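So you can see what is in the structure, the chains are spelled out below.
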Amino acid sequence: MSCELSTVRPSLPWWTKLQVALVSIACDYVRRPNGTINRRLVSLVDLKTGPNSSPVCGVRTADVTVDRTRGLWVRLFLPASNGSSRGAVRPVVVFFHGGGFAFRSAASLEFDAVCRRICSELPVAVVSVNYRLSPEHRFSAQYDDGLDVLYFLESMGGIPCGGLPGISLRRPNI
């Protein structure tokens, strides 16, 4: 068996290469010398969308506050029901948006579209977590927010405690 590494690189379209280069330049441009991020500049390109109580693309959304003191909230995506499935129990998909813990939010247009697509294609409820961003909030704040959302879902009955054998989502007593 040969352990040689392949030197063949996947071919990327020029448009994809250009987009990656522009995003890289933009990320460098919005970062200040002290390591913080100029959120005002980021907001110019980060298009946001609000929740929709009336169905859009077969999905309705709502924002639910988990912890007001930290600004922790989730956007809930539910398939529009035709009346027959009202009150039906659905699996829950917890979605953590991309952006390297520093950019974007659960309200960003791109992630709203992804969650909406997941919800319309699968019979699931999608919970998109809007965690605190770095560098304003140091490392582990994002993981803490994600874990607190899971605790919140469990307390609301969204994740059954016995869902996985040997695993409990009970908050540890520290």
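Residues numbered from 1 in each chain as written. Predicted model: local features only at pLDDT ≥ 70, side-chain atom pairs only at ≥ 80, totals over all residues. Heavy atoms only, no water.

J.: Help me understand the packing of aromatic side chains, please; the structure alone is not making it clear to me.
T.: Aromatic ring pairs are described here by two measures, namely the spacing of the ring centres and the angle between the planes. All told, the structure shown has three aromatic pairs when counted by the stated rule. Geometrically, the ring pair formed by Trp14 and Trp15 is edge-to-face, given 5.8 Å between the ring centres and 80 degrees between the ring planes. Centroid distance Phe95 to Phe111: 6.2 Å. Interplanar angle 50 degrees. Geometry classified as tilted. Here Phe95, found in strand E3 (residues 92–96), pairs with Phe111, found in helix H3 (residues 109–121); they are 16 residues apart in sequence, far enough to count as distant. Judged by its relative accessible area of 16%, Phe111 falls in the buried class. (Phe/Tyr/Trp six-rings, centres within 6.5 Å; stacked < 30°, edge-to-face > 60°. Helix = DSSP H or I, 4+ residues; strand = E, 2+ residues; numbered from the N terminus. Buried < 20%, exposed > 50% of the residue type's maximum accessible area, 1.4 Å probe, protein only.)

J.: Even after reading the chapter, I still don't get the sheet that holds E3, so can you show me in this structure?
T.: Backbone-to-backbone hydrogen bonds join strands into a sheet, with any given pair of strands oriented parallel or antiparallel. Taken in spatial order, the four strands of this open sheet run E1-E2-E4-E3, and their pairing is mixed. The open sheet is flanked by strand E1 (59–67) and E3, the only strands paired with a single partner. Taking the axes of each pair of neighbouring strands and ignoring which way they run, one obtains an average angle of 25 degrees across the sheet. Pairing of strand E2 (residues 72–79) with strand E4 (residues 125–130), which is carried by five bridges, proceeds in the antiparallel orientation. By the bridge assignment, Leu76 is partnered in E4 with Val127. Most of the contacts of H3 go to E2, to which it runs at about 40 degrees, and overall it touches E1, E2, E3 and E4. Packing of helix H4 (residues 141–155) onto the sheet brings it into contact with E1, E2, E3 and E4, and relative to E1 it is tilted by some 105 degrees. (Pairing = 2+ DSSP bridges. Axes fitted to C-alpha atoms, helices over the stretch in contact; angles between N-to-C directions. Contact = heavy atoms within 4.5 Å.)

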